[in-house]
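# Structural characterization, general
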Amino acid sequence: MQPDLPPRSRGVIALFEENCTVCMLCARECPDWCIYIDSHKETLPAEGGGRPRTRNVLDRFAIDFALCMYCGICVEVCPFDALFWSPEFEYAEYDIAELTHEKERLREWMWTVPPPPAHDPAAEPPKEIAAAEKAAARAARRAPGTGT
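Residue numbers restart at each chain and count upward from 1, following the sequence in its written direction. Where local features are concerned, this predicted model is filtered to residues with pLDDT of at least 70; where side-chain atom pairs are given and counted, the filter is 80 or more; whole-chain, interface and lining totals use all residues. The side-chain numbers reported here are obtained from all heavy atoms of the structure, hydrogens and water having been left aside.

Okay, the packing of aromatic side chains next. Ring pairs are drawn from Phe, Tyr and Trp, using the six-membered ring of Trp, whenever the two centres fall within 6.5 Å, and their geometry is named by plane angle: stacked under 30 degrees, edge-to-face over 60, tilted for the rest. Applying the stated rule across the entire model yields five aromatic pairs. Ring centres of F16 and W111 lie 6.4 Å apart, and the angle between their planes is 85°; this geometry places the pair in the edge-to-face category. Of this pair, F16 sits in the loop between β1 (12-15) and α1 (25-29) while W111 sits in the loop between α3 (103-110) and α4 (127-142), and the two are 95 residues apart along the sequence. Three labels apply to residues, based on accessible area from a 1.4 Å probe with only protein chains included: buried if under 20% of the type maximum, exposed if over 50%, partly exposed otherwise in between. On the basis of relative accessible area, F16 is assigned to the partly exposed category, the value being 23%. Between F65 and Y70, the ring centres sit 6.0 Å apart and the planes meet at 20°, which makes this aromatic pair stacked. Overall, the relative accessible area of 25% leaves Y70 in the partly exposed class. Put simply, DSSP H or I for four residues or longer makes a helix, DSSP E for two residues or longer makes a strand, and each gets a number counted from the N terminus.

At M24, a residue that is not glycine, the phi angle is positive and equals roughly 70°. Its location among the elements puts M24 in the loop between β1 and α1. The phi angle at Y70 is positive, at roughly 55°, despite the residue not being glycine. Relative to the assigned elements, Y70 resides in the loop between β3 (53-64) and α2 (73-77).

Attention now goes to empty space enclosed by the protein. Gaps left between atoms are located by rolling a probe of water-molecule size over the structure's atoms. Here a cavity is any set of points on a 1 Å grid over the protein atoms alone where a 1.4 Å probe fits but cannot get out, and a pocket is any open set with protein on both sides within 12 Å along at least 5 of 7 lines; a residue lines the site when it has an atom within 4 Å of a point. Grid points are joined across faces, edges and corners, and a volume is the space filled by probe spheres set on the points. In the structure shown here, the tally under the stated rule is two cavities of 30 Å³ or more. Taken as a whole, the largest cavity encloses approximately 80 Å³ of empty space. Taken together, 15 residues make up the lining of the largest cavity; nearest its centre are C20, C23, C26, C78 and A82. Residues that form the lining of the largest cavity fall into these classes: 13 nonpolar, two polar and no charged. A volume near 60 Å³ is recorded for the second largest cavity. Residue lining of the second largest cavity: I13, C30, P31, D32, C34, I35, C68, M69, Y70, C71, G72 and C74, and that is the complete set. Ten residues, namely Ala, Val, Leu, Ile, Met, Phe, Trp, Tyr, Cys and Pro, are considered nonpolar, four, namely Asp, Glu, Lys and Arg, are considered charged, and the remaining ones, Gly among them, are considered polar.

In C-alpha coordinates form, the structure reads like this:
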(Lines give C-alpha, C1' and ligand atoms only; values in the text may rest on other atoms or scores of the structure.)
Protein backbone atom coordinates (compact mmCIF):
# COMPACT_ATOMS: atom_id res chain seq x y z
CA MET A 1 0.00 0.00 0.00
CA GLN A 2 1.36 3.39 -1.00
CA PRO A 3 1.48 6.10 1.66
CA ASP A 4 -0.54 9.29 1.31
CA LEU A 5 2.07 11.85 0.32
CA PRO A 6 1.74 15.60 0.88
CA PRO A 7 0.72 17.44 -2.31
CA ARG A 8 4.12 19.11 -2.78
CA SER A 9 6.33 16.16 -1.89
CA ARG A 10 9.53 15.77 -3.87
CA GLY A 11 9.93 12.33 -5.34
CA VAL A 12 11.76 12.41 -8.65
CA ILE A 13 12.28 14.96 -11.41
CA ALA A 14 10.19 14.41 -14.54
CA LEU A 15 10.94 15.82 -18.00
CA PHE A 16 8.41 17.16 -20.50
CA GLU A 17 10.69 16.88 -23.52
CA GLU A 18 8.54 18.94 -25.90
CA ASN A 19 9.06 22.05 -23.76
CA CYS A 20 12.85 21.68 -23.47
CA THR A 21 14.70 24.18 -25.68
CA VAL A 22 18.16 22.99 -24.56
CA CYS A 23 18.87 26.34 -22.92
CA MET A 24 21.10 24.49 -20.42
CA LEU A 25 19.96 26.64 -17.49
CA CYS A 26 19.10 23.59 -15.38
CA ALA A 27 22.53 22.03 -15.93
CA ARG A 28 24.37 25.32 -15.26
CA GLU A 29 22.48 26.06 -12.05
CA CYS A 30 22.67 22.52 -10.62
CA PRO A 31 24.98 22.64 -7.58
CA ASP A 32 25.80 18.92 -7.95
CA TRP A 33 26.36 18.94 -11.72
CA CYS A 34 24.18 15.84 -12.02
CA ILE A 35 22.30 16.87 -15.20
CA TYR A 36 23.79 15.81 -18.54
CA ILE A 37 22.48 17.39 -21.76
CA ASP A 38 23.57 16.77 -25.35
CA SER A 39 22.04 18.45 -28.40
CA HIS A 40 22.61 19.35 -32.01
CA LYS A 41 21.51 22.26 -34.19
CA GLU A 42 18.92 21.78 -36.90
CA THR A 43 18.21 24.26 -39.70
CA LEU A 44 14.56 24.88 -40.55
CA PRO A 45 13.67 26.41 -43.91
CA ALA A 46 11.83 29.71 -43.69
CA GLU A 47 8.17 29.66 -44.66
CA GLY A 48 7.31 32.20 -47.33
CA GLY A 49 10.86 33.32 -47.94
CA GLY A 50 13.26 34.85 -45.52
CA ARG A 51 16.20 33.43 -43.74
CA PRO A 52 16.30 29.84 -42.47
CA ARG A 53 16.13 29.40 -38.70
CA THR A 54 18.25 27.16 -36.52
CA ARG A 55 17.06 25.44 -33.38
CA ASN A 56 18.56 23.13 -30.82
CA VAL A 57 17.35 19.53 -30.82
CA LEU A 58 17.62 17.53 -27.60
CA ASP A 59 19.66 14.33 -28.04
CA ARG A 60 20.28 13.37 -24.42
CA PHE A 61 18.87 14.56 -21.13
CA ALA A 62 19.93 12.53 -18.11
CA ILE A 63 19.90 13.05 -14.36
CA ASP A 64 22.21 11.13 -12.05
CA PHE A 65 20.04 10.58 -8.99
CA ALA A 66 23.03 9.14 -7.13
CA LEU A 67 24.45 12.69 -7.11
CA CYS A 68 21.20 14.70 -6.99
CA MET A 69 20.40 16.33 -3.66
CA TYR A 70 16.77 17.05 -4.66
CA CYS A 71 17.13 20.79 -4.08
CA GLY A 72 14.74 21.63 -6.92
CA ILE A 73 16.83 24.44 -8.39
CA CYS A 74 16.58 22.87 -11.86
CA VAL A 75 12.78 22.79 -11.65
CA GLU A 76 12.64 26.40 -10.46
CA VAL A 77 15.02 27.89 -13.06
CA CYS A 78 13.51 26.15 -16.10
CA PRO A 79 11.91 29.03 -18.05
CA PHE A 80 9.93 26.73 -20.35
CA ASP A 81 8.25 24.38 -17.82
CA ALA A 82 10.10 21.29 -18.96
CA LEU A 83 10.98 19.96 -15.48
CA PHE A 84 8.49 18.99 -12.78
CA TRP A 85 8.41 17.21 -9.45
CA SER A 86 6.78 13.81 -9.60
CA PRO A 87 5.65 12.09 -6.39
CA GLU A 88 7.23 8.80 -7.53
CA PHE A 89 9.81 7.59 -5.05
CA GLU A 90 10.24 3.89 -5.81
CA TYR A 91 13.09 3.87 -8.30
CA ALA A 92 15.84 2.11 -6.36
CA GLU A 93 18.48 0.14 -8.28
CA TYR A 94 20.94 -2.58 -7.25
CA ASP A 95 23.81 -0.87 -9.07
CA ILE A 96 24.63 2.80 -8.43
CA ALA A 97 25.45 3.27 -12.13
CA GLU A 98 21.79 2.50 -12.93
CA LEU A 99 20.64 5.61 -11.04
CA THR A 100 21.45 7.80 -14.06
CA HIS A 101 18.08 8.00 -15.75
CA GLU A 102 17.78 9.08 -19.39
CA LYS A 103 15.07 11.23 -20.98
CA GLU A 104 12.83 8.24 -21.79
CA ARG A 105 12.60 7.25 -18.12
CA LEU A 106 12.20 10.88 -17.02
CA ARG A 107 9.32 11.22 -19.50
CA GLU A 108 7.54 8.18 -18.02
CA TRP A 109 7.41 10.01 -14.69
CA MET A 110 5.87 13.06 -16.35
CA TRP A 111 2.48 11.36 -16.41
CA THR A 112 2.51 10.99 -12.61
CA VAL A 113 2.97 14.74 -12.00
CA PRO A 114 -0.14 16.04 -10.19
CA PRO A 115 -1.98 19.03 -11.64
CA PRO A 116 -1.18 22.40 -10.10
CA PRO A 117 -3.41 23.51 -7.24
CA ALA A 118 -6.37 25.68 -8.11
CA HIS A 119 -5.94 29.43 -7.79
CA ASP A 120 -7.35 31.10 -4.71
CA PRO A 121 -10.66 32.68 -5.80
CA ALA A 122 -10.08 35.61 -3.42
CA ALA A 123 -6.64 36.39 -4.86
CA GLU A 124 -5.97 39.25 -7.26
CA PRO A 125 -5.87 38.18 -10.91
CA PRO A 126 -2.40 38.01 -12.47
CA LYS A 127 -1.25 41.35 -13.88
CA GLU A 128 -1.13 39.89 -17.42
CA ILE A 129 -4.80 38.89 -17.27
CA ALA A 130 -5.83 42.24 -15.79
CA ALA A 131 -3.93 44.10 -18.55
CA ALA A 132 -5.50 41.91 -21.26
CA GLU A 133 -9.02 42.47 -19.87
CA LYS A 134 -8.41 46.23 -19.73
CA ALA A 135 -7.18 46.24 -23.36
CA ALA A 136 -10.19 44.17 -24.48
CA ALA A 137 -12.61 46.55 -22.72
CA ARG A 138 -10.89 49.53 -24.37
CA ALA A 139 -11.17 47.87 -27.80
CA ALA A 140 -14.85 47.02 -27.19
CA ARG A 141 -15.65 50.66 -26.32
CA ARG A 142 -13.99 51.86 -29.54
CA ALA A 143 -15.38 49.24 -31.93
CA PRO A 144 -19.23 49.68 -31.93
CA GLY A 145 -19.27 52.18 -34.78
CA THR A 146 -17.40 55.18 -33.48
CA GLY A 147 -14.88 54.79 -36.28
CA THR A 148 -11.92 55.42 -33.99
